[in-house]
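Chain by chain, the residues run as shown.
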Amino acid sequence: MHPDHTEPPHQPPPPSHGGRRLRNIVVTLAVGAAMFAAGAVMLAPDQTTVSRPSGQGRPGASPPRGSIEALQARVTRLPKDPGGWAALGMAYVQQARSTADPATYDRAEKALRTSFTVHPEGNTDAEIGMGALAAARHDFPAALRWARKATASGPYSSSAYGVLADAYTQLGRYEEADEAVQKMTDLRPDAASLARASYAFELKGDIDRARALMHRSLAAAATRADTSFAHNVLATLDLQDADPRAALARTQTGLRAAPDDAALLETRARAHTALGDTAKALADYRAAVAVAPLPHHLLGLGELEQSLGNDKQAEESYALLRAQDRIREAAGDPADTDAILFEADHGNPRRAVTLAEQTLRTRPFVAVHDAYAWALHLAGRDTEALVQADKALATGTRSALFRYHRAVVHHGLGHTEAARRDLTEALREPAFHPLHADAARDLLQRIDTTP
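Each chain has its residues counted from 1, following the order in which its sequence is written. Given that this is a predicted model, residues contribute local features only at a pLDDT of at least 70 and side-chain atom pairs are listed and counted only at 80 or more, while totals for whole chains, interfaces and linings are drawn from all residues. The basis for every side-chain value is the complete set of non-hydrogen atoms in the structure, without hydrogens or water.

Student: Sorry, what's going on with the packing of helix 4 (residues 124–136) against helix 5 (residues 140–153) here?
Tutor: Any two packed helices are characterised by how steeply their axes cross, that is the angle between the axes, and by the distance between the axes. A fitted line through C-alpha atoms represents every axis, and for helices the fit uses only the stretch in contact; the resulting angles, taken between N-to-C directions, go from 0 to 180 degrees. Starting at the N terminus, helices and strands are each numbered in turn, a helix being any DSSP run of H or I of at least four residues and a strand any DSSP run of E of at least two. At a minimum axis separation of 8 Å, helix 4 and helix 5 run at an interaxial angle of 165°. Here helix 4 lies roughly antiparallel to helix 5, going by the angle between them. In this structure, helix 4 crosses over helix 5, and the sense of that crossing is left-handed. Side by side, helix 4 and helix 5 meet where Thr-124, Glu-127, Ile-128, Met-130, Gly-131, Ala-134 and Ala-135 of the first sit next to Phe-140, Ala-142, Ala-143, Trp-146, Lys-149, Ala-150 and Ser-153 of the second. Orientation is classified from the angle alone, with under 35 degrees giving roughly parallel, over 145 giving roughly antiparallel, 65 to 115 giving roughly perpendicular, and any other angle giving oblique. In this scheme, a crossing is called left-handed if the near helix is turned counterclockwise away from the far one by less than a right angle; it is called right-handed if the turn is clockwise. In what follows, residue pairs with any heavy atoms lying within 4.5 Å of each other are defined as contacts.

Student: So what exactly am I meant to see when it comes to the packing of aromatic side chains here?
Tutor: Both the distance between ring centres and the angle between the ring planes are used here to describe each pair of aromatic rings. Stacked, tilted and edge-to-face are the three classes assigned to paired rings of Phe, Tyr and Trp, where Trp is represented by its six-membered ring and a pair needs centres within 6.5 Å; plane angles under 30 degrees give stacked, over 60 edge-to-face, the rest tilted. This model, assessed by the stated rule, comprises 5 aromatic pairs. Look at Phe-116 and Trp-146: their rings are 5.5 Å apart centre to centre, the planes differ by 25°, and that puts the pair in the stacked class. With Phe-116 in helix 3 (residues 103–118) and Trp-146 in helix 5, this residue pair connects regions lying 30 residues apart in the sequence. Comparing Phe-116 with Trp-146 shows no difference in burial state: the two are buried. Aromatic side chains Tyr-174 and Phe-365 sit 6.4 Å apart centroid to centroid with 55° between the ring planes, which places their arrangement in the tilted category. Here Phe-365 lies in the loop between helix 17 (349–360) and helix 18 (366–378) and Tyr-174 lies in helix 7 (residues 174–187), a separation of 191 residues in the sequence. Each residue's exposure class comes from its accessible area (1.4 Å probe, protein chains only) as a fraction of the maximum for that residue type: buried when under 20%, exposed when over 50%, partly exposed otherwise. Given the relative accessible area of 0%, Phe-365 is considered buried. An aromatic cluster is defined as three or more aromatic residues linked by ring pairs; in this entry it consists of Trp-374, Tyr-404 and Phe-432. In this structure, Lys-149 is placed above the aromatic ring of Trp-146, and the distance from its NZ or CZ to the ring centre is 4.5 Å. In this scheme, Lys NZ or Arg CZ marks a charge over a ring once it lies within 6 Å of the ring centre and within 35 degrees of the ring normal.

Student: Got a minute to help me understand the environment of Lys-204 in this structure?
Tutor: Position of Lys-204 among the secondary structure elements: in the loop between helix 8 (191–203) and helix 9 (207–220). Along the sequence, Lys-204 and Thr-397 sit 193 residues apart, while their C-alpha atoms lie 5.1 Å from each other. Apart from residues no more than four positions distant in its own chain, Lys-204 is found in contact with Asp-178, Thr-395, Gly-396 and Thr-397. A polar contact is formed between the side chain of Lys-204 and the side chain of Asp-178, at a distance of 2.8 Å. Polar contact criterion, stated in full: a pair of N or O atoms within 3.5 Å, where within protein one must be able to donate a hydrogen and the other to accept it, and residues adjacent in sequence count only if both atoms are side-chain atoms.

Student: Is there a simple way to explain the nonpolar core in this structure?
Tutor: Across soluble globular proteins, you tend to see nonpolar side chains buried next to one another. Joining through side-chain atoms within 4.5 Å is the link that ties buried Ala, Val, Leu, Ile, Met, Phe, Trp, Tyr and Cys residues into a set, and such a set is a nonpolar core. One finds Ile-340, Phe-365, Tyr-404, Leu-423 and Phe-432 to be the most contacted residues of the largest nonpolar core, which totals 42 residues. Of all the secondary structure elements, the ones that give two or more residues to this core are helix 8, helix 16 (337–346), helix 17, helix 18, helix 19 (382–392), helix 20 (400–412), helix 21 (416–426) and helix 22 (436–449). With 8 residues, the top contributor of residues to this core is helix 18. Residue contacts for Leu-423: discarding those within four places in its chain leaves Tyr-404, Ala-407, Ala-440, Leu-443, Leu-444 and Ile-447. Core analysis: the second largest hydrophobic core is formed by 37 residues, Phe-140, Val-163, Ala-165 and Ala-192 among them.

Student: Help me understand helix 21 in this model?
Tutor: Since one α-helical turn is 3.6 residues long, residues separated by three or four positions face the same way. Listing the buried residues of helix 21 in full gives Ala-418, Ala-419, Asp-422, Leu-423 and Ala-426. The buried residues of helix 21 occupy an angular sector of 130° when projected down its axis, which confines them to one face. Buried residues along helix 21 sit against helix 20 and helix 22. This arc describes the spread of directions from the helix axis toward the C-beta atoms.

Student: What exactly am I supposed to notice about helix 10 (residues 224–240) here?
Tutor: For helix 10, with 17 residues, the first-to-last C-alpha span of 24 Å sits near the 24 Å given by 1.5 Å per residue. One or two residues past the end of helix 10 sits Ala-242, with phi positive at roughly 55°. Multiplying 1.5 Å by the residue count of a helix minus one yields the expected span of that helix.

Student: Which parts of the structure should I look at to understand the pattern of salt bridges?
Tutor: It is possible for side chains of opposite charge to pair when their charged atoms get near one another. Each reported salt bridge corresponds to a side-chain nitrogen of Lys or Arg within 4 Å of a carboxyl oxygen of Asp or Glu. Scanning all chains against the criterion turns up 29 salt bridges. The salt bridge involving Arg-268 is made with Asp-284; its shortest N-O contact spans 2.7 Å. One end of the pair, Arg-268, is in helix 12 (residues 262–274); the other, Asp-284, is in helix 13 (residues 278–291), and 16 residues separate them in sequence. The same class applies to Arg-268 and to Asp-284, which are both buried. Put simply, Asp-325, Arg-328, Glu-329, Glu-343 and Arg-351 are held in one network by salt bridges that share partners.

Student: Could you clarify how one ought to interpret the environment of Gly-162 in this entry?
Tutor: Summarising the element assignment, Gly-162 is placed in helix 6 (residues 158–170). When its relative accessible area of 0% is taken as the criterion, Gly-162 is described as buried. For the pair Gly-162 and Thr-151, spaced 11 residues apart in the sequence, the C-alpha separation amounts to 9.7 Å.

Student: Is there a simple way to think about the confidence of the model for the protein chain in this case?
Tutor: Parts of the prediction with low pLDDT should not have their coordinates interpreted in detail. What pLDDT conveys is the predictor's confidence in a given residue, as a value from 0 to 100. Confidence in the prediction of the protein chain, expressed as mean pLDDT, is 88, and 86% of residues score 70 or more. Counting contacts from residues 1–59, a segment whose pLDDT is below 50, to residues more than four positions away or on other chains yields 175 contacts.

Student: Please explain the environment of Met-90 as it appears in this structure.
Tutor: Among the structural elements, Met-90 can be located in helix 2 (residues 82–99). A residue is classified by how much of its surface remains accessible, and Met-90, at 2% relative accessible area, is buried. Spatially, the C-alpha atoms of Met-90 and Leu-112 are 8.0 Å apart, while their sequence positions differ by 22 residues.

See below:
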């Protein structure tokens, strides 16, 4: 992969019939670990953004350009504009990813389907939106189908290749994902394509290259969302490098411009935890949950509370997680990795195994292999768990949690030296988890003091 081109190889085609092509709408999907955990929609300066709820602006003021309110007004004024409906659908996808409100996905699909009604064939904008929506719902085979349609109808659309890259990544087809990212970067070396290139290197464990590319993404950022996203990723890379002070400074910078960014709040909570300031960490986790009660925010808060002996407060977060899982199950959606790990650690490991097996059928991604490995271990199936743990680390990712999980599996199988190596690697990030980091130190000490 060579994301160093500064100009796309071809000029893009003219705008599509029905309105200006929304080439720059790009959804960066949840891909486990630290980077895309919550999902981040990366947009061009004049494209879709999610505004605050109505009533928070000045009385009588026009809604911000690109906001949901402005896009709703646009489709009311121009009901035959397929680009307007596609932009509204993408805005709803972003809102759903940011607020954890599944009902918003239905609104997104309705808007995108309306775009197809107006412009049935070759509607690249709506195809990109449907791919992003399918991925947000964790239906990655469907996301791949829509992405392929979008790249066929819009071969010069970098956004279409972004959705294609995301789908391939989640389907465990990493070489094809790299090719899609390269094509995306060749077409448009902007914040979104550079962010994906960064993640491709992070997935391989090349943190230095990942950081350099994310700095370039930050320099190319054209919106507050792009800037916040880049600051957050750079901070998580600092945490991986055991530099919580740098991570704290980075999140502070991001939060000055976006004080209610839930991802930055969560990462700052992790930095405070690593620095031993649990009071500030709890405050940031609670603020993140108040903005977006996403599973990984709730799980992080609950496990930090549990690590501090605040069992009642931890159970409040866990109760919300169980309620979210019941809603997911009723909808027939696959479990994400947070749900699998939560069930393994705080519920029934055998059920966690079943959840992981269901998810792997449509999402054979490294984070799912890791969650499956951990569930298998806790269910007493270490031989099978090791196969999955190896798959989780096969790309070269430096995830401390993955390393810890495999270390415990190795230890359970009597592989003392392998367990020691993985524990040592995991503890390069000393505060990688509020519960498991201490367990990792305890296990390494037991190994080192056992004759």
